[in-house]
Each structure stands twice: as structure tokens, then as C-alpha cells.
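Residue-level listing of the chains:
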Number of protein chains: 2
Amino acid sequence: MNQINQVAIVGATHGNEFTGGYLLKKFEQFPHLIRRTSYETQTLLANPEAFKVGRRYIDKDLNRCFLSQDLQNSTLSSYEDIRAKAINQILGPKDNPQVDVILDLHSTTANMGLSIIIGNKNPFCLQLSAYLSAINPLVKVCLTQTDQASYLLRSLCQCGLVIEVGPVAQGVLNADLFLKTENLIYTILDYLEAYNQNRISETYDALTIYQDIGSIDYPRNNLGEIQAMIHPQLQFRDYEPLHPGDPIFLSLSGQEITYQGESIVYPVFINEAAYYEKGIAMRLTQKQQLSNISKLI
Amino acid sequence: MNQINQVAIVGATHGNEFTGGYLLKKFEQFPHLIRRTSYETQTLLANPEAFKVGRRYIDKDLNRCFLSQDLQNSTLSSYEDIRAKAINQILGPKDNPQVDVILDLHSTTANMGLSIIIGNKNPFCLQLSAYLSAINPLVKVCLTQTDQASYLLRSLCQCGLVIEVGPVAQGVLNADLFLKTENLIYTILDYLEAYNQNRISETYDALTIYQDIGSIDYPRNNLGEIQAMIHPQLQFRDYEPLHPGDPIFLSLSGQEITYQGESIVYPVFINEAAYYEKGIAMRLTQKQQLSNISKLI
């Protein structure tokens, strides 16, 4: 990345994730908070209709609408498809975007703390992520699989970050997480300013990431109905090691179901409300230490 | 109350409160769990369409549809109005119900632990509530204002209890709260059995209740938009004393807003997701010690 000229802060991509939506309202009311001298910052309330009614989406999940072929497909005309195309015009187009950095603000019912989710190993993103996790132990960095990442809003530019905070219920503001997310945004904006002004003194060589490797669904019956819950011992244990044989579900009838994998994994998005309909009880990651990341720059 | 002949366990009155809905599914699969010898127990999934789509309601809040005049008003024809009339036929009619006891299972994003909410000082209900709070310190008993109580599903019979558990996000199953709710139901069913069989050895003379006295809304602007969040010091502090001058909100701009009442109150339903649209940031209660309740029997 040469110079950062345009930064977009996006909120309410999911209308019932209030942290991002209300942070945007704050920034629109007090624009000096996100103003820096060396680049422009814009805010974008991604799904205003869903935010108004406090639902994740109106017709379909907006954050699955950004595949290139879907953005170009004029027959897709749900509310979210239309919004995706509008957002692609404001921030994109996807292959040649107007913005250099996207911060897409999300929240989760899982205990993800302050998570940064990236979709590629863009050297600048890795340096920024390493900096954030170095100065704040609450920050964890997830790397999504490429095929997943390509339909997400953040895929509109090379340095698109999701900030995923939790645990917080859908449809509520949690002041503590609101303030932590706000501070994380200022830290990022300050880093971008320092980068533009050649004031980044330290580059990082190593970064711990949680590499997404797949997901596990709830046990279901023939009708697709859930037959088990996240085990109490796993609830809120995002980013902690899960060993083969550890309990992961408790069936409605009271039986423990254990993890049948062959090696240690690190679950995230454990018991995320919005993922019930997607067939995801948790996502599994591998904890990896990336090294020599400063050489990528 | 003479003899208990009919008990109804109701779940998913709100479709995104999964604890009750999935407990019903369990009871329907294993009916012996709720079978007792001296009375009949039936289960009722109150709002099946809302439960299917994981939303509180389809058209309007079902748990506000049970006013006598509304049940008799044939022009009210929303999905929930129709469901309310059907439920009134199954459990009611309201002035002469077929069931003696209703257990209506709810959950909340507020930290209400295991709350029993009653709508009147029915002597039998008070004894049952006193028993439950005596044997389990997690159980708290709330008494709703009469005008509020009359539109609720539980108002179909004199001994209608809401079991309100939290904190749990909408649209998720929390195994720990699921198990606690399940055990509380068995305790109640066993008490009813013992009552019928004249095996209640101890009557209680005193009961601590939290008497609902009103609510506070979020600070809003002229457009009705929320301008402040529950203060971090108040979040999850349901049933704890709130003193005049204590902080209750933190505005988006960072200012503390304090409680302006003149005496100590005990807030409940703090930051309940479903109450944002109802203009309720929390409900206020007074903690009261009822005495001589055994003389009411």
C-alpha cells in the first residue's frame, strides 16, 4: 500500500448489531472524532431498513451479497441485493475500489472479545493486525477462508477488516463493548495516519492468527430441528483449545456429545444466534504463528 | 384453590426465546418428565410461526393480546390476535378457564436469573413462590401491576406464572439456563402434586417480592432515536438497589446520566432487547416483604 486516501467505517451491515449502527450515529454527530489530516474518512450505514426494524436483514443476509458475479447480476433484486450494488458504487467497484481501507463493524452473541477478521494475507493488513494485538491483549485476529471472504462486504477492497465484538445480544447496546470498539477504531485511524506520515517506528515480524478451517452444525433430526445445545463447558470459551474427546454439545435428552476431530482446534462464533439458520454451531480455527511478516511489505 | 386438575406449560409465546420452545420439544418427546399422578399436564407452543422464523412475533406481541375485550373483538385479525383467541379456547376462557395453573416460559437479555413473575396476590401463588424462593436463592419473585398483567397470556387463569430466565441472547439456547429452567419446572410440578396429595408440610408466612412501579425509557432525540445506553455500572445489575444519584445511562457523547428518583428502587429487565421498541430501558420495582401470607390461604 502506498498512501491511504480513503477510509470507510461501515456499520449495521446486520441491522440488529447495534454497536456499529450507533457508533456511526455518534461519528455522524461528532465527525471530528474520525477526522484525520492525511486521508478522508466516510461512514456508511450499510442496511438502514434492517437497522430501523432491528433485524439482521430484510430479505437476505447483506454480508453474503458481494460476490462479483452477484454484483453484476441485474436479476438479483431483493432489498439487500440492491443495497449491495449501491454500496459497491459508493465504496467499490470491487476490482478497483475508491476506498483503501474498510472497517466493517459487527457484533456477536459469542464471546469473541475484540476480534479482527481479515480475508487475506495483505501485508499491510497483517502489520496493522499485529500492531493491534500487540498493544491490546483483548484483540484476536482471525483469517477467513478465501471462498468465504469473497461474498463479504469487506471484500470490496484489499484491506477490508471486520471488527467483531462480543458477547452481546442482538438488538441491544452494551456500553462496555461500545466503548472498547470505539477506542479500537481510533487506534486504527491513528495508525493509518501515522503510516501516511511515515511515523510507524516498529514493524512486526510475527503474528498469531486463528485460521478458519470449517464449521460444525448442531445435531439435528430428519426435520432439521436442533437436538442438542452448545455444552455448558464450551459456552463462551471462544479461542480456547478444544481437544478430541472434549464435550461440545449437550442433547435435549441430556447426553454429552464430544468433539470427534483428531487434533486440537480453537472454536470461534460459539453459539452465534445468526448462525442457527446457517447450520453453524461454531466455526473451527487452527492457531498459527505467522512469521517473517515484515518481509512481505 | 381446592384441587389442581389441569396444568399448562407454555413456551415460545415469544418466538425468539428459545429456552421455552425447546423445553416444550423435550417434554413432547419425553412426556413422562412432566406427567404426575394427580393432575393433567399439557404443553402449548404458543407462537409456532414466530418460533419457526426465530422472531419475537409475526405481526404484534402475542403477550399483549389477552385483554378480555380484545379476545372478544372479532375485528382483530393479525396472526397473534388469532393465536390469542385460539389459546383462549384451549386454556381459557378467561373468566372460567380449563386450566388451574399456567407456567409461561420466557427468557430475557437482562440478568434476571430465575424470576417468577406473578400478576396478583393469589394465596396459592404466593405460597408456591415463597417455597421456590426459599429452596433456591436464584429465584426472585416479581409482582406486576394489575393493568399490565391483564393483557398477558398468564392472565387466562388465577395462578398464571411467568418464568423469566436470563441473561440470554434472543435466538440462542443457553444450556445452563435451559437446565436450571427445566429443574425449576419439575420442582413446581412436584409441589403441585404434593399439594393435591396434602403433603405440603410447611406453609410460609413471609415472602420477598419486587413490586413493579413503572419504567424508564432511554433518552431519545426528537426523532425518537436513542441517545444513551445503559451505564456500564448498571448493566447486568438487575435486582440490586439503585440509589438517587447513581448513574443509569451513558450518552453516546460520553456523559453520565444519573437516577433522579427520590428513593431506592430495584431495577429489573435492564437492557432487555425486546423493550427498546416499547420505550423501556428498565422496569423499576420496590423490594417488599409480604408478611402473614399464610393467613390468606
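Definitions and limits used
Residue indices follow the written sequence of each chain, beginning from 1 at its first position. Labels are handed out in written order, letters beginning with A for the chains and numbers beginning with 1 for the ligands. In view of the model being predicted, local features appear only for residues whose pLDDT reaches at least 70, and side-chain atom pairs are presented and counted only at 80 or more, with totals across whole chains, interfaces and linings using the full set of residues. Each side-chain value is derived from all of the structure's non-hydrogen atoms; neither hydrogens nor water enter the calculation. Strands are runs of DSSP state E lasting at least 2 residues, helices are runs of H or I lasting at least 4, and numbering of each runs from the N terminus. We compute the radius of gyration from the C-alpha atoms alone; for a globule the expected value is 2.2 Å times N to the 0.38, where N is the number of residues. Partly exposed residues are those whose accessible area sits between 20% and 50% of the maximum for their type, while under 20% is buried and over 50% is exposed, using a 1.4 Å probe and protein chains only. All copies are superposed by least squares; the fitting set is the C-alpha atoms of residues with a pLDDT of at least 70 in both. The contact criterion used is simple: two residues touch if any of their non-hydrogen atoms lie within 4.5 Å. Among the buried residues, those of types Ala, Val, Leu, Ile, Met, Phe, Trp, Tyr and Cys that are joined through side-chain atoms within 4.5 Å form a nonpolar core. Domain extents, as shown, originate in an automatic or database domain assignment. Strand pairing requires that DSSP identify at least two bridges connecting the strands. Crossover handedness is defined here as right-handed if the route from the first strand over the helix to the second strand goes clockwise, with the strands pointing away from the viewer. Buried area: the sum, over both parts, of the accessible surface (1.4 Å probe) that disappears when the two are put together. Whenever a carboxyl oxygen of Asp or Glu lies within 4 Å of a side-chain nitrogen of Lys or Arg, that contact is scored as a salt bridge. Whenever a nitrogen or oxygen atom comes within 3.5 Å of another N or O atom, the pair is scored as a polar contact, on the condition that within protein one atom can donate a hydrogen and the other can accept it, and that pairs from neighbouring residues in sequence are kept only if both atoms are in side chains. Angular values range over 0 to 180 degrees, each being the angle between N-to-C directions of two axes fitted as lines to C-alpha atoms, with helices fitted over their stretch in contact. For this classification, under 35 degrees means roughly parallel, over 145 means roughly antiparallel, 65 to 115 means roughly perpendicular, and everything else is oblique. Less than a right angle of anticlockwise turn of the near helix away from the far helix marks a crossing as left-handed, whereas a clockwise turn marks it as right-handed. In this count, Pro and Cys sit with the nonpolar residues alongside Ala, Val, Leu, Ile, Met, Phe, Trp and Tyr, while Asp, Glu, Lys and Arg are called charged and the others, Gly among them, polar. For this analysis, a ring pair means two rings from Phe, Tyr or Trp (six-membered ring only for Trp) whose centres lie within 6.5 Å, classed as stacked if their planes differ by under 30 degrees, edge-to-face if by over 60, and tilted for the remaining angles. Only Lys NZ and Arg CZ are tested; either one counts as a charge over a ring when it is within 6 Å of the ring centre and within 35 degrees of the ring normal. Here the expected length of a helix is defined as 1.5 Å per residue gap, with one fewer gap than residues. The predictor's confidence in any single residue is recorded as pLDDT, a number from 0 to 100.

Novice: Even after reading the chapter, I still don't get the overall build of chain A, so can you show me in this structure?
Specialist: When its secondary structure is counted, chain A shows seven helices and twelve strands. A compact globule built from 297 residues would reach a C-alpha radius of gyration of about 19 Å, and chain A, at 19 Å, matches this within 12%. Principal-axis analysis of the C-alpha atoms places the extent of chain A at approximately 60 × 45 × 35 Å. Counting only residues that meet the buried cut, chain A has 56% of its 297 residues in that class.

Novice: Where do I start with the relation of the copies chain B and chain A in this structure?
Specialist: Two chain copies, one operation linking them: a rotation about an axis together with a shift along it. The two copies are related by a screw operation: chain B maps onto chain A through 180° of rotation and 0.0 Å of translation along the axis, at an RMSD of 0.0 Å. Such a turn and shift between the copies fits a two-fold axis. When C-alpha positions in chain B are compared against the rotation axis, the closest is assigned to A169 of chain B, at 2.2 Å. When you check the interface residues of chain B against chain A, 100% turn up at the interface there too, and the contact is symmetric in its surfaces.

Novice: How should I be thinking about the nonpolar core in this particular structure?
Specialist: Buried together is how nonpolar side chains tend to be arranged in soluble globular proteins. L192 and M282 of chain A together with L192 and M282 of chain B are the most contacted members of the largest nonpolar core, which totals 140 residues. Domain assignment of the residues forming this core places at least three in each of domain 1 (6-208) and domain 2 (216-278) of chain B. Residues in contact with M282 of chain A, not counting those within four places in the same chain, are S215, I216, I230, L234, I248, F249, P267, V268, F269 and I270 of chain A.

Novice: Looking at this model, I keep getting lost on the pairing of strand β4 (residues 113-118) of chain B. Mind explaining?
Specialist: In regular strands, side chains alternate between the two faces of the sheet. Residues and elements named next belong to chain B. Most of β4 is tucked away: six of the six residues are buried. Relative to strand β5 (residues 139-143), β4 runs parallel, the two being bridged by five bridges. The residue bridging L114 from the neighbouring strand is V139, located in β5. Taking the sense of rotation as the criterion, the β-α-β connection linking β4, helix α5 (residues 123-135) and β5 turns out right-handed.

Novice: So what exactly am I meant to see when it comes to the interface of chain B and chain A here?
Specialist: Reports often express the size of an interface as the amount of accessible area lost when the parts come together. The interface of chain B with chain A comprises 34 residues on the first partner and 34 residues on the second. Buried surface at the junction of chain B and chain A, both sides included, amounts to about 2,600 Å², of which 66% is carbon and sulfur. Of all residues in chain B, the largest losses of buried area upon contact with chain A belong to L173, M229 and L252 of chain B, amounting jointly to 22% of the total for that side. Seen at the junction of chain B and chain A, the total is two salt bridges. With a shortest N-O distance of 3.1 Å, E225 of chain B and K25 of chain A are connected by a salt bridge. Across the chain B-chain A interface, the total number found is eight residue pairs in polar contact (both at pLDDT 80 or more).

Novice: Just to check I follow, could you spell out the packing of helix α5 (residues 123-135) of chain A against helix α7 (residues 175-196) of chain A for this structure?
Specialist: The packing of two helices is summarised by the inter-axis angle and the distance between the axes. All names here are of chain A. Between α5 and α7, the shortest axis-to-axis distance is 11 Å and the interhelical angle comes to 130°. With respect to α7, the element α5 is oriented oblique. Taken as a pair, α5 and α7 cross one another with a handedness that is right-handed. Counted together, F124, Q127, L128, Y131, L132 and I135 of α5 and L184, T187, I188, Y191, L192 and Y195 of α7 form the full contact between these two elements. Here the residues of the contact of α5 with α7 sort into ten nonpolar, two polar and no charged.

Novice: Would you take a moment to explain the sheet that holds strand β3 (residues 101-107) of chain B for this structure?
Specialist: Within a sheet, each strand pairs with its neighbour through backbone hydrogen bonds, oriented either parallel or antiparallel. Residues and elements named next belong to chain B. Taken in spatial order, the nine strands of this open sheet run β2-β1-β3-β6-β4-β5-β7-β12-β11, and their pairing is mixed. Unpaired on one side and paired on the other, β2 (40-45) and β11 (266-268) mark the two borders of the sheet. Across the sheet, the mean angle from the axis of one strand to that of its neighbour is 30°, orientation sign disregarded. Of the pairings in the sheet, the one linking strand β1 (residues 6-11) to β3 comprises four bridges and is parallel in character. Each bridged residue has a counterpart across the sheet, and for V7 the counterpart in β3 is V101.

Novice: Teacher, can you tell me more about the packing of aromatic side chains here?
Specialist: Two aromatic rings, taken as a pair, are described by how far apart their centres are and by the angle between their planes. Tallied over the full model, the rule gives 26 aromatic pairs over all chains. Considering the side-chain rings of Y218 of chain A and F249 of chain A, the 5.9 Å spacing of their centres and the 50° angle between planes classify their relative orientation as tilted. Placement of Y218 of chain A in the loop between β7 (207-216) and β8 (228-230) and of F249 of chain A in strand β9 (residues 247-251) is noted, with a sequence separation of 31 residues between them. Taken as a pair, Y218 of chain A and F249 of chain A share a single burial class, namely buried. A ring pair is formed by F269 of chain A and Y275 of chain A, whose centres lie 5.2 Å apart and whose planes are at 45°; its orientation type is tilted. Taken individually, F269 of chain A and Y275 of chain A each receive the classification buried, so the pair is uniform in this respect. Among the aromatic residues, those joined into a ring-pair cluster are F18, Y22 and F51 of chain A together with Y218, F249 and Y276 of chain B. In this arrangement the basic side chain of K140 of chain A is found over the ring face of Y239 of chain A, its NZ or CZ atom lying 5.5 Å from the centre.

Novice: Explain helix α1 (residues 18-29) of chain B to me, please; I cannot follow it from the model alone.
Specialist: The end-to-end C-alpha distance of α1 of chain B is 16 Å, a good match for the 16 Å that twelve residues give at a rise of 1.5 Å each. Within α1 of chain B, nine of the twelve residues are buried, which leaves the element mostly enclosed by the surrounding structure.

Novice: It is not clear to me how the confidence of the model for chain A should be interpreted in this structure. Could you clarify?
Specialist: Residues shown with low pLDDT carry predicted positions that ought not to be read at fine detail. Taken as a whole, chain A shows an average pLDDT of 96; of its residues, 100% reach a score of 70 or greater. Scored as a whole, the predicted complex attains pTM 0.96, and scored at its interfaces, ipTM 0.95.

Novice: It is not clear to me how unusual backbone geometry should be interpreted in this structure. Could you clarify?
Specialist: Keep in mind that most residues, glycine aside, have a negative phi and that most peptide bonds are trans. With an omega of 5°, the peptide bond running from G92 of chain A to P93 of chain A counts as cis. For the bond from G166 of chain B to P167 of chain B, the omega torsion is 10°, close enough to zero to count as cis. With respect to the helices and strands, the residue P167 of chain B is situated in the loop between β6 (159-166) and α7 (175-196). The backbone of N198 of chain A sits at a positive phi, close to 55°, despite the residue not being glycine. Examined against the element boundaries, N198 of chain A turns out to sit in the loop between α7 and β7.

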